[in-house]
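The primary structure of each chain is shown beneath.
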Amino acid sequence: MHCPFCRNPDSRVIDSRSTEDGAAIRRRRSCPECGRRFTTQETVLQMVAKRSGVTEPFSRDKIIAGVRRACQGRPVDEDALAKLGHQVEEAIRATGVAEIPSHQIGLAILGPLRELDEVAYLRFASVYRGFESLDDFAKEIELLRAVDPPGE
Ligand SMILES: [Zn+2]
């Protein structure tokens, strides 16, 4: 681990302890070159297993980028996108699974996106669920209408 102050490529661990919730380990390090101290944190990386079999680290930015595309031209601002990204990340983290299938990420996005904007939701669902015909859209719209409170 590089020293963040002088870029020395080596550092020495002087203390190591678990965080209270046990989800991470913090290490206090000292740089033998400049003598300054810094702290690192080690956590389990939540991985996403894609259909191709490739795994990659979960990325909130990627979620937000995908949702932003679906929201083009819709009255959805960056704050709302950031909030949705946070919600999805929390939901994924709450599963406690170290490697999560990518389709489960899609599912975790659909719920909050439906709350946010129904048109964007339909766009996202059409790609994610592979809608092939108008019928697919019609069915989904029927479902949307069914869950809406009357009068909306
Ligand atoms: Zn240093």
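Residues numbered from 1 in each chain as written. Predicted model: local features only at pLDDT ≥ 70, side-chain atom pairs only at ≥ 80, totals over all residues. Heavy atoms only, no water.

**Student:** Even after reading the chapter, I still don't get the coordination of the zinc ion, so can you show me in this structure?
**Tutor:** Working reference: metal with six octahedral donors, ideal angles 90 or 180 degrees; metal with four tetrahedral donors, ideal angle 109.5 degrees. Only Cys 3 (SG), Cys 6 (SG), Cys 31 (SG) and Cys 34 (SG) from the protein reach the zinc ion as donors, at distances of 2.2 to 2.3 Å. Its 4 donor atoms give the zinc ion angles of 106 to 117° at the centre, a pattern that matches the tetrahedral case. If you list the donors of the zinc ion from N- to C-terminus, the spacing comes out as C-x2-C-x24-C-x2-C. One end of the pair, Cys 3, is in the segment before β1 (12-18); the other, Cys 31, is in the loop between β2 (24-30) and β3 (37-43), with 28 residues separating them in the sequence. (Donors = N, O, S within 2.8 Å, 3.2 Å for Na, K, Ca; no water. Tetrahedral: all angles 85-135°; square planar, octahedral: opposite > 155°, others 65-115°. Helix = DSSP H or I, 4+ residues; strand = E, 2+ residues; numbered from the N terminus.)

**Student:** Would you explain the side chain of Glu 140 in this entry?
**Tutor:** With respect to the helices and strands, Glu 140 occurs in helix α5 (residues 134-147). Discounting chain neighbours no more than four positions away, the residues touching Glu 140 are Tyr 121, Leu 122, Arg 129 and Phe 131. (Contact = heavy atoms within 4.5 Å.)

**Student:** It is not clear to me how the pairing of β3 should be interpreted in this structure. Could you clarify?
**Tutor:** Put simply, side chains in a regular strand alternate between the two faces of the sheet. Of the strand pairs in this sheet, β2 and β3 are connected by 7 bridges, and their pairing is antiparallel. Across the sheet, Arg 27 pairs through a bridge with Thr 40, a residue of β3. Once β2 ends, the chain turns through 6 residues before running back antiparallel as β3, passing Gly 35 with a positive phi of about 80°. (Pairing = 2+ DSSP bridges.)

**Student:** Mind showing me how you'd approach the pattern of salt bridges here?
**Tutor:** Oppositely charged side chains can pair when the atoms bearing their charge come close. Under the defined criterion, the tally for this structure stands at 9 salt bridges. Salt-bridge contacts for Arg 68 lead to Glu 78; the nearest nitrogen and oxygen are separated by 2.9 Å. Placement of Arg 68 in helix α1 (residues 60-70) and of Glu 78 in helix α2 (residues 78-95) is noted, with a sequence separation of 10 residues between them. According to the relative accessible area criterion, Arg 68 is partly exposed, its value standing at 38%. Residue classification places Glu 78 among the partly exposed positions, given a relative accessible area of 47%. Each of Lys 50, Glu 56 and Lys 62 takes part in one network of salt bridges that share partners. (Salt bridge = Lys/Arg side-chain N within 4 Å of Asp/Glu carboxyl O. Buried < 20%, exposed > 50% of the residue type's maximum accessible area, 1.4 Å probe, protein only.)

**Student:** What should I look at first to understand the sheet that holds β1 in this one?
**Tutor:** Two pairing modes exist for strands in a sheet, parallel and antiparallel, and in both the strands are linked by backbone hydrogen bonds. What the 3 strands build is an open sheet, ordered β1-β2-β3; its pairing is antiparallel. Looking along the sheet, the strands with just one partner apiece sit at the ends: β1 and β3. Neighbour to neighbour, the strand axes of the sheet diverge by 25° on average, direction disregarded. (Axes fitted to C-alpha atoms, helices over the stretch in contact; angles between N-to-C directions.)

**Student:** Explain unusual backbone geometry here, please?
**Tutor:** Peptide bonds are mostly trans, and most non-glycine residues show a negative phi. Unusually for a residue other than glycine, Arg 7 sits at a positive phi of about 65°. Relative to the helices and strands, Arg 7 is located in the segment before β1.

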